[in-house]
Amino acid sequence: MKKLLYTLAFVFAGVFTYADEGMWLMTFIERLKYTDWQKQGLKLTPEEIYSVNNASLKDAIVSFGGYCTGEMISDQGLLLTNHHCGYGVISELSSVENDYLENGYWAQTKNEELPAEGLYVRYLVRMDDVTDRILQKLNANMTEAQRSEAIQKESDVIQRENAEDGKYVVQVRSFFGGNEFYYFVYQDYKDVRLVGTPPNAIGKYGGDTDNWEWPRHTGDFALFRVYADASGNPAEYSASNVPYRPKHSLPVKTGGIKAGDFAMTIGYPGNTERYLPSFGIKQAVEVEYPAWIESAKIAMDAMKKHMDKNEKVRIDYASRYSQLANYWKNRIGMTEALGKLRTADKKVQYETDFQRWADANPQRKAKYGKVIQNLRDYYSGTNEWNRNRTYIVRGFLRGSQLAARPYSYGNAFDQLAERTGEQRTELQNRILADIDETYSKMHIPAERDILVDLLNGYVKHIPADQQVAEIKRIQQQYNGNFARFVDEAIATSVFTDRNRLRNAFNNNQAQEVKNDPLYKLSEALISNFRAESDQLKAQRDSYSKNYRLFIDGLRQTYPDRIFFPDANSTMRLSTGKVIGLPENPDRPSDHAENYYTTLQGGMLKYQPGDEEFHHPLELIRLYNTKDYGPYANEKGQLPVNFLTDNDITGGNSGSPVISGKGELIGLAFDGNWEAMSGDIEFEHNLQRTINVDVRYILFIIDKFAGAKHLIDEMNLVD
C-alpha cells in the first residue's frame, strides 16, 4: 500500500504540467500538491472540494439519471443540468396541447413543478480504495472466469458492508483495465420535478448542424428540483415531500470570465479509451464506426419523414431521434479526427516502446512479451463480429421498437410464469401499464418504415455468413421483399396493436406471442447480440488478460508519465482554463476574442422558420432593445457560450464549470469538432469544452421567462 501511495503522489505531482488533461478520482485530492493549481487561480482547500465528514463541492454534484451530470444551485433543491440531458423527460411530459419542447415551461410556484417519473439523481457519499483487498483474492493461475467470479464475490461482501440495509447504493468498480479497484457509496433521490426549460429554439439552438461545432450560441440548460421526505431522506414521489436541502449548493458568479481564468469541472464522465491500442482504433475507424453511422442514419431518415408530417410523432420521437443523431454525428467526427490527427500512429509508438521495454528483461519478456501480438490477434479476429453486433445494436435495437420491444414483452411471460398470487398480479399490472405507455407514443407507420429500411440496409452491408439466421430466412422466404414481410407481420402481429398485446397477457397467450413473426425476429436479433461462441469467449478472455497486462506494463514503460484511469461513470474532477481555439479562417468568430460568443452572433445565424436556427420573438425583442438586465458584460454584450480546455466526455454533460473560489461560472455541454478523437487521445492544442455562460442562463430565466423567483433562490456573487 505504501508503494501505491508513493506512486499516486508522484503521478499527481506531474499532473500540473498539463493541468487541462485528466479525469481525476475525487479521493486522490488529499494527495495533491496544490502549488501550481494555486498559481493558476485555485483558492479552495482539498477539504472544500472533497470531504466525507464536512460539506464540500462533491455534495453539490449529482449523477443525473445515470447518464448526465447536474449540480445544486440553491438550498431549496434547485438543480441545473443541460437541456439535452432533460430532453427525454421534457418530451415525456409534453403533448400536442402542451408542447414544452417547442414552447418551454416555467413553473411559477413549486406546486406547478412537474414530476419526472422514473428520473433519479445520485449523490456520492464517499469512496475508497479496495485494490489490495481484492488483489489478495486473485492469483496469476486463475482463468478470466475464475478471476471475475472472485472479484464479484469480494465486491458483494464490500457492498453488504457499506449498504446499511439498503440505505445506500454501493458499487465496486475496476480501473486501469482491472489493475485497481475502488468502491463508491451513493444515495439516490427519486422525486425529481421539472422546474423550467427554455424552448428548443434556445435550448437546442443550432440543432444537429451546430452540434459538436464552435462557435455555438446555445442555451443548453434546464432546471429541476429534488424533493425528499420531511426528514430530508429519499422518498418516492409524494405531494407531501419537501424540497431537499443539499449539504452544499454552488454560489453563482455574475461577474463573468476572461481568458486564462482557472476553470474546474466535476461530473460523471461516461467512457474513455485513452489506452486503446492502435489495432482497436483501426477496427473502430474501418469497421465499427461505418456500421454505426450507416445503421443510425437509416433509422433517423425513416423516423424524420414521419416526424416532419405529424406533430404528435415529432414530440413522441424527439428524444429517440436526438439520441441517434447525437452519436451519429459524433462517430462521423471521430472518424475524421482520428484520421486527420493520426491518432493510431501515436499509439503505435507507445506499443513499440512497450515491446522494447518487455523484451529488455527475461522476466518481463515472459510476462509481457506476447501482449501486443495477442491484442493484434483479438482485433483482427473480431472485425466481422463487431460489424454485425454494431448494426444490430445501433440500428435495430436503438432505432426500431418493432425490433426491440417484442423480445422484452415475450420475456415478460417467462417472468409471470415464475410468480403466483399477489406477486403475479402486481407484475401483470406493471406490464399492462408499460404497454399503455409504450403504445401511446408508438406510431406504427413510422415503425414500419424504420424496420423495412433497416432490414434492407442490414443485408446490403453485413456479409451473408455473418447475418442473423432469421433475417436470412425471411429474405429467402420473401425473395428479398422485406416490405412485404413487415406489412404482413403488422397485419397479424400482437406487437403492432395495444389491445392485441393486452389481450395476449390477460389471456396468458405465451405460446401465441412467441410464435409471432416479430417476436421471432426480435428474439433472433437479441440472441445473436448476446451469443458467445467458444471461440469468441476465448478471444474475449485473452483480450481482458492482455489489455490488463498492457496497461500495467505501459505504466512501467513510462515511469515518469502521467497516468489516470479511463472514465467509467464515476465522479471525476478536471482542471483547465478559459481559452479559445487556434485561429482558423473557416471558423467565423463573433469578435477578436474567440473564447466566447454573444447573442449578437446567434442573431446573425437567425433563419425565420428554420427548426434549427429560429429565434423566439421575445428573445428578438430583448436583443433589439438590448434589454439584458444585469447580465451583459463590460462591453454591453450578452455572453452566450465560452470555451475551456477541461478534459470531459459524454456523461459530463451538465457538469458545472467552477471558478477557483468554487463559484458556478458556466455549464459544460459539448466538445469541439477539431478534437473529436478526445475519448481516445487528448489533443492539448485543440481539445475544448463548450460551455453555457451562467450569465446567459440567468438572463433567460429572468428576462426571457420572467421567472425571477428562481434567481432569488440562488446565492449570486460578483
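No experiment lies behind these values; they were computed from the predicted model shown.

Colleague: How do you make sense of the packing of aromatic side chains when you look at a structure like this?
Modeller: Remark: the centre distance and the inter-plane angle together describe each pair of aromatic rings, the angle taken between the planes. Counted by the stated rule, this structure contains 34 aromatic pairs. With 4.5 Å between their ring centres and 40° between their planes, Tyr189 and Tyr244 make a pair best called tilted. Remark: Tyr244 occurs in the loop between β12 (242-243) and β13 (252-253) and Tyr189 occurs in strand β9 (residues 180-189); sequence separation between them is 55 residues. Note on Tyr189: relative accessible area 3%, which makes it buried. Three or more aromatic residues joined by ring pairs make a cluster, and in this case those are Phe175, Tyr182, Phe184 and Tyr186. Over the ring of Tyr227 we find Arg193; its NZ or CZ atom is 3.6 Å from the centre of that ring. Over the ring of Tyr558 we find Arg561, and its NZ or CZ is 4.0 Å from the ring centre.

Colleague: Can you walk me through helix α20 (residues 482-492) in this structure?
Modeller: By the burial criterion, the buried members of α20 are Phe482, Phe485, Val486, Ala489 and Ile490. Down the axis of α20, the sector holding all buried residues measures 130°, keeping them to one side. For α20, the secondary structure elements touched by its buried residues are α16 (401-417), α18 (444-461), α19 (469-477), α21 (498-506) and α23 (517-530).

Colleague: Help me understand the environment of Glu288 in this model?
Modeller: Within the fold, Glu288 resides in helix α10 (residues 278-307). For Glu288, a relative accessible area of 22% corresponds to the partly exposed category. Note: C-alpha distance between Glu288 and Arg548 (260 residues apart in sequence) is 23 Å.

Colleague: Please clarify how the pairing of strand β4 (residues 78-81) should be interpreted in this entry.
Modeller: Looking along a regular strand, one sees the side chains alternate between the two faces of the sheet. Of the two faces of β4, the one holding Leu78 and Leu80 and the one holding Leu79 and Thr81 are both buried throughout. In this structure, strand β3 (residues 68-72) lies alongside β4, joined through 2 bridges in antiparallel fashion. Each bridged residue has a counterpart across the sheet, and for Met72 the counterpart in β4 is Leu79. Linking β3 to β4, which pair antiparallel, is a turn of 5 residues; within it Gly77 sits at a positive phi near 80°. In the sheet, β4 pairs with strand β11 (residues 222-228) via 4 bridges, with the strands oriented antiparallel. Bridging from a neighbouring strand, Leu79 pairs with Phe224 of β11.

Each value, and the rule that gives it
- Every chain is numbered independently, its residues counted from 1 as its sequence is written.
- Only residues with pLDDT of at least 70 get local features here, since the model is predicted, and only at 80 or more are side-chain atom pairs given and counted; chain-wide, interface and lining totals rely on the full set of residues.
- By convention in this description, side-chain values take in all heavy atoms of the structure and omit both hydrogens and water.
- Under the pairing criterion, centres of Phe, Tyr and Trp rings, with the six-membered ring standing for Trp, must be within 6.5 Å; the plane angle then separates stacked pairs below 30 degrees from edge-to-face pairs above 60, leaving the rest tilted.
- Put simply, DSSP marks the helices as runs of H or I at least four residues long and the strands as runs of E at least two long, and each gets a number from the N terminus on.
- Under the scheme applied here, a residue whose accessible area is under 20% of the maximum for its type counts as buried, over 50% as exposed, and between as partly exposed, the area being computed with a 1.4 Å probe on protein chains only.
- Placement of a positive charge over a ring is assigned whenever Lys NZ or Arg CZ falls within 6 Å of the ring centre and within 35 degrees of the normal to the ring plane.
- Here the arc refers to the set of directions running from the helix axis out to each C-beta atom.
- Pairs of residues are marked as contacts when any of their non-hydrogen atoms sit within 4.5 Å.
- Here, any two strands with at least 2 DSSP bridges between them count as paired.

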